[in-house]
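# Chains, contacts and geometry: an overview
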Amino acid sequence: MINVYEQVDRNKRRSGFIMVLFVLFIAFFAWVLSYILGYGPEMVSFAFVFAGVVSFSSYWWGDKIILSISGAREADRKRDFNFFTVAENLSLASQIPMPKLYVIEDSAPNAFAAGRDPAHAVVCATTGLLEKLDRTELEGVVAHEISHIRNYDTRLMGIVAILVGMVTLLADWFLRGMRFGGRNREERDNNFGALLFFVGIILALLSPLIAQLIQLAISRRREFLADASAALLTRYPEGLARALEKIAKDKEVLEAANKATAHLYIVNPLKGQEFVGWFAHLFNTHPPIEERIKALREMV
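Attention here is on the structure that accompanies the text. (Residues numbered from 1 in each chain as written. Predicted model: local features only at pLDDT ≥ 70, side-chain atom pairs only at ≥ 80, totals over all residues. Heavy atoms only, no water.)

### With respect to the sheet that holds strand β1 (residues 73-74)
Inclusion rule: Strands qualify as paired when DSSP identifies two bridges or more between them. Secondary structure follows DSSP: runs of H or I at least 4 residues long count as helices, runs of E at least 2 residues long count as strands, and numbering of each begins at the N terminus. We call two residues contacting when some pair of their heavy atoms lies within 4.5 Å. Angles here are taken between N-to-C directions and fall from 0 to 180 degrees, while the axes themselves are lines fitted to C-alpha atoms, restricted in helices to the stretch in contact.
Overall, mixed pairing links the four strands, which are arranged β1-β2-β4-β3 in an open sheet. For this open sheet the edge positions go to β1 and β3 (111-115), each flanked by a neighbour on one side alone. Summarising the sheet, strand β2 (residues 100-104) and strand β4 (residues 121-126) pair through five bridges and their orientation is parallel. Each residue of the ladder has a partner; that of L101, found in β4, is V123. Set on the sheet, helix α3 (residues 81-94) makes contact with β2 and β4; between it and β2 the angle comes to about 145°. On top of the sheet, helix α5 (residues 135-150) reaches β3 and β4; it is set at about 20° to β3, its chief contact.

### Some remarks on the nonpolar core
As a reminder of what qualifies: The set of buried Ala, Val, Leu, Ile, Met, Phe, Trp, Tyr and Cys residues whose side-chain atoms join them within 4.5 Å is what this entry labels a nonpolar core. Residue exposure (1.4 Å probe, protein chains only): buried if accessible area is under 20% of the type maximum, exposed if over 50%, otherwise partly exposed.
The biggest cluster of nonpolar side chains holds 37 residues, and the ones touching the most others in it are F83, L129, V141, V142 and L244. Looking at this core, the elements with two or more residues in it are α3, β2, β3, β4, α5, α7 (191-234), α8 (237-249) and α9 (289-297). Ranked by residues supplied to this core, first place goes to α5 with six residues. When neighbours within four sequence positions are excluded, F83 is seen to be in contact with A75, L101, Y102, V103, V123, A125, L130, L138 and V142.

### Notes on α8
Threshold: Helix span, as expected, comes to 1.5 Å for every residue beyond the first.
In this model, α8 (13 residues) spans 19 Å end to end at C-alpha, consistent with the 18 Å of a helix rising 1.5 Å per residue. Considered for burial, the residues of α8 that qualify are P237, G239, L240, A241, A243, L244 and I247.

### Describing the packing of α5 against α8
Short version of the rule: Working rule for angles: under 35 degrees goes down as roughly parallel, over 145 as roughly antiparallel, 65 to 115 as roughly perpendicular, anything else as oblique. Think of it as three bins: nonpolar holds Ala, Val, Leu, Ile, Met, Phe, Trp, Tyr, Cys and Pro, charged holds Asp, Glu, Lys and Arg, and polar takes everything else, Gly as well.
Look at α5 against α8: their axes get within 7 Å of each other, and the N-to-C directions meet at 95°. Compared by their axis directions, α5 and α8 come out roughly perpendicular. On α8, the residues that touch T136, E137, G140, V141 and H144 of α5 are G239, L240, R242, A243, K246 and I247. Here the contact of α5 with α8 is composed, by residue class, of four nonpolar, four polar and three charged.

### A few points about α5
Keep this limit in mind: Any pair of N or O atoms that falls within 3.5 Å is considered a polar contact. Within protein, one atom must be able to donate a hydrogen and the other to accept it, and sequence-neighbouring residues count only if both atoms are side-chain atoms.
Given a rise of 1.5 Å per residue, 16 residues ought to cover 22 Å, and the 21 Å separating the end C-alpha atoms of α5 matches this to within 8%. E137, L138, G140, V141, V142, A143, H144, E145, I146, S147, H148 and I149 are the residues of α5 that are buried. Structurally, the start of α5 carries an N-cap: the backbone nitrogen of T136 is 3.1 Å from a side-chain oxygen of D134. Immediately downstream of α5, the backbone of Y152 shows phi near 60°, a positive value.

### Considerations on the pairing of β4
Taking burial as the measure, the six residues of β4 include six buried ones, the bulk of the element. Sheet topology places β3 next to β4; five bridges connect them, and they run antiparallel. If you follow F112 over to β4, its bridge partner there is C124. Adjacent in sequence and paired antiparallel, β3 and β4 are bridged by five residues.

Here it is as structure tokens:
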């Protein structure tokens, strides 16, 4: 058995380790490309700045974009009373501003959180979730989403998305530079230059996939962390465990979700599209439900 505090600390350490690896991977990739193409570090800096500027708008207004894509309406206190009161109580307990609440008119039970910080956060639930869960189970789900906000997971995943964009840009920059031969052809004549040239080609082809896998790994770790934080917040892990069981058993597909937004939800909304097998799990946005429920029920 593992207590809730140990689970939270362990998941934080694992997420931090993955983030460090991600940044080191990008730095190494950028150095290899700048060396092969004969561009100085200023060109790498330009690529990073450009990618950051392009991605900034998505990071800053991402919650509004997602809500618009999902067709969500603003929650009404009288109409969505349980949702409002549960969110109010948990916000007070977690000592963060109450997030804005939204509802998606869809019978498939699910929920997500978005926003760059606790002061600009939203929690969105489907009508299916509000109708099919009892209040204790709803508390578990809302606590999970508020934990994402309090743990700055919504910001972290925005930053990760920017890093993935940078990797993709660098790979595209390298492949386009190769078309024109780069500026450092003489370096390829020596053994070290030839080796780096080969490494650069491999990285350019595989780095977008590697970056995506790292992003998915971070997303899965943050789900475990949010589960543990929710259990700590409600002091009742069984509520969230029961909610996850109900959501997982429900076979309805959330029509408002798509592959771009699936990682945001508490459970993968694209039912039947999960990958199976150990290697295939690397491509999933969420850890297996069975593992999450098992971890919750092992908490004391």
